[in-house]
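Listed below, chain by chain, are the residues.
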Amino acid sequence: MQERGKWKGNFTLWSGGGGYVGTSSDTKVHAHHAIQLCFALEGSFNLRSSPSRKWEAFSAALVAPDAPHQLDGSGHRIVLVYLDPESEAASRIRTRFTDAAIQPVPVQTLSPLLEKIYTEAGPQADLIPLFNAMVTSLGGEASVPGSMDPRIAQATRLLNSSAEAIPTLRELAQKVHLSPSRLGHLFRAQTGLPLRCYRLWLRLRRALDALNQTGSLTTAAHSAAFADSAHFSRTFRRMFGITPSELAVERQTQPSRSYAPR
């Protein structure tokens, strides 16, 4: 895990989303379940849907879920934001764009956020607020109720605080005194994400944290209740198009430079 791979940078996950900042080189044509937002931090990047299609240059682009694509970043630094297609955040963004598999994204309003990411990205940086601010800028504010139902708040705490296996829908329903169907309905309405998806993102985040700490795919898989390392890797690849072993974390602090996409 400490070796330099073709993806050199920082990858982080939260419930319903993920973000990567770092350098990128040419990937193979692949598809994954998450919506992918791509932003150049320097230079530009190229995308195409298959080897038979011409490359198109972008400074910012959206790749639809399950759409085959290939990205060539030419070694430039890039931001990738992944969103669960069933999340409210993804729905808000998709209503503002066409159904095209690959399409440009207006980047003017995002420039201050991208510049901040460019200057602040590092091994210890918490970039999740900036990623979420980018998503909000593109899709608008979430229509979340002003106050959360205490039963959903309790369920969320139980999901995030469990040191052992992450509770299932049925286990949570029993603890918060709701039927599984009612809990599932309320959870999605108040969090913007189906509970099964929320659990999956928690498991992936737990496994990735364990991988960063131990360097062992097997330990990481078992920490998040995946059957084995292959199961973890397949799930990760299905969501993001890369395997956990392809990630490499940059340990050094990035030098101070100017944000300069073209």
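Residues numbered from 1 in each chain as written. Predicted model: local features only at pLDDT ≥ 70, side-chain atom pairs only at ≥ 80, totals over all residues. Heavy atoms only, no water.

### What about the overall build of the chain?
- From N to C terminus, the chain includes 9 helices and 12 strands.
- For the chain, the residues scored as buried account for 52% of the 262 residues in total.
- Long-range contacts, defined here as pairs at least 24 residues apart, represent 70% of the contacts in the chain between residues at least 6 apart.
- Working note: accessible area of the chain is about 12300 Å², and carbon and sulfur atoms make up 50% of it. (Helix = DSSP H or I, 4+ residues; strand = E, 2+ residues; numbered from the N terminus. Buried < 20%, exposed > 50% of the residue type's maximum accessible area, 1.4 Å probe, protein only. Contact = heavy atoms within 4.5 Å. Areas by Shrake-Rupley, 256 points an atom, 1.4 Å probe, with all protein chains shown as cover.)

### Some remarks on the sheet that holds strand β6 (residues 56-58)
- The sheet built from 3 strands is open, its strands ordered β6-β5-β8 with antiparallel pairing. Since the sheet does not close on itself, it has two edges, and those belong to β6 and β8 (70-72), each with one partner. The average angle at which neighbouring strand axes cross in this sheet is 30°, direction not considered.
- Pairing analysis gives 3 bridges linking strand β5 (residues 45-48) to β8, with the strands arranged antiparallel. Bridge assignment links Arg48 to a residue of β8, and that residue is Gln70. (Pairing = 2+ DSSP bridges. Axes fitted to C-alpha atoms, helices over the stretch in contact; angles between N-to-C directions.)

### Concerning the packing of helix α4 (residues 150-161) against helix α7 (residues 195-214)
- Packing of α4 against α7 brings their axes to within 10 Å, and their N-to-C directions diverge by 25°. Accordingly, the angle class assigned to the pair α4 and α7 is roughly parallel. In this structure, α4 meets α7 at a crossing whose hand is right-handed. Facing α4, whose interface residues are Thr156, Leu159 and Asn160, α7 presents Tyr198, Arg199, Leu202 and Arg205.
- Here the residues of the contact of α4 with α7 sort into 3 nonpolar, 2 polar and 2 charged. (Parallel < 35°, antiparallel > 145°, perpendicular 65-115°, else oblique. Left-handed = near helix turned anticlockwise from the far one by under 90°. Nonpolar A, V, L, I, M, F, W, Y, C, P; charged D, E, K, R; others polar.)

### Here's the deal with the nonpolar core
- Grouped together as the largest cluster of nonpolar side chains are 51 residues, with contacts concentrated most on Phe11, Phe45, Leu183, Phe236 and Phe240.
- A per-element tally of this core places α7 first, with 11 residues.
- In contact with Phe11, other than residues within four places in its own chain, are Gly19, Tyr20, Tyr82, Leu208, Phe236, Phe240 and Leu247.
- Core analysis: the next-biggest nonpolar cluster, separate from the first, contains 29 residues, Phe97, Ile117, Tyr118 and Leu127 among them. (Core = buried A, V, L, I, M, F, W, Y, C linked by side-chain atoms within 4.5 Å.)

### Notes on the packing of aromatic side chains
- Under the definition given, this model contains 11 aromatic pairs.
- Arranged with centres 5.3 Å apart and planes meeting at 75°, the rings of Phe11 and Phe240 form a pair that is edge-to-face. Of this pair, Phe11 sits in strand β1 (residues 7-14) while Phe240 sits in helix α9 (residues 229-240), and the two are 229 residues apart along the sequence. Per residue, the accessibility class of Phe11 equals that of Phe240, and both read buried. (Phe/Tyr/Trp six-rings, centres within 6.5 Å; stacked < 30°, edge-to-face > 60°.)

### Topic: the confidence of the model for the chain
- Of all residues in the chain, 89% attain a pLDDT of 70 or more, and the chain-wide mean is 86.
- Considering each helix and strand of the chain separately, the mean pLDDT is smallest for strand β12 (residues 260-261), with a value of 44, and largest for strand β7 (residues 60-63), with 97.
- The low-confidence segment residues 1-7, where pLDDT is below 50, has 28 contacts with residues more than four positions distant or belonging to other chains.
- Confidence drops under pLDDT 50 across residues 248-262; counting only partners more than four residues distant or on other chains, this segment forms 44 contacts. (pLDDT = per-residue confidence, 0-100.)

### Thoughts on the environment of Ser44
- Residue placement: Ser44 occurs in the loop between β4 (42-43) and β5.
- Judged by its relative accessible area of 15%, Ser44 falls in the buried class.
- Counting along the chain gives 34 residues from Ser44 to Ile78, while the straight-line C-alpha distance between them is 8.6 Å.

### Digging into the pairing of β5
- With 3 bridges connecting them, β5 and β6 associate as antiparallel partners. Within β6, the residue paired with Phe45 across the bridge is Phe58.

### Details of the pattern of salt bridges
- For the structure shown, the criterion picks out 3 salt bridges.
- A salt bridge links Glu88 to Arg92; the nearest nitrogen and oxygen atoms lie 4.0 Å apart. Within this pair, Glu88 and its partner Arg92 are both found in helix α1 (residues 88-94), separated by 4 residues, close to a single helical turn.
- Owing to a relative accessible area of 13%, Arg92 belongs among the buried residues under this scheme. (Salt bridge = Lys/Arg side-chain N within 4 Å of Asp/Glu carboxyl O.)

### Some remarks on the packing of α7 against α9
- Two numbers describe how α7 lies on α9: the axes approach to 11 Å, and their chain directions differ by 120°. As for the relative orientation of α7 and α9, their crossing is left-handed in sense. Of the residues in α9, those in contact with Leu200, Trp201, Arg203, Leu204, Ala207 and Leu208 of α7 are His231, Phe232, Thr235, Phe236, Arg238, Met239 and Phe240.
- Taken together, the residues of the contact of α7 with α9 break down into 9 nonpolar, 2 polar and 2 charged.

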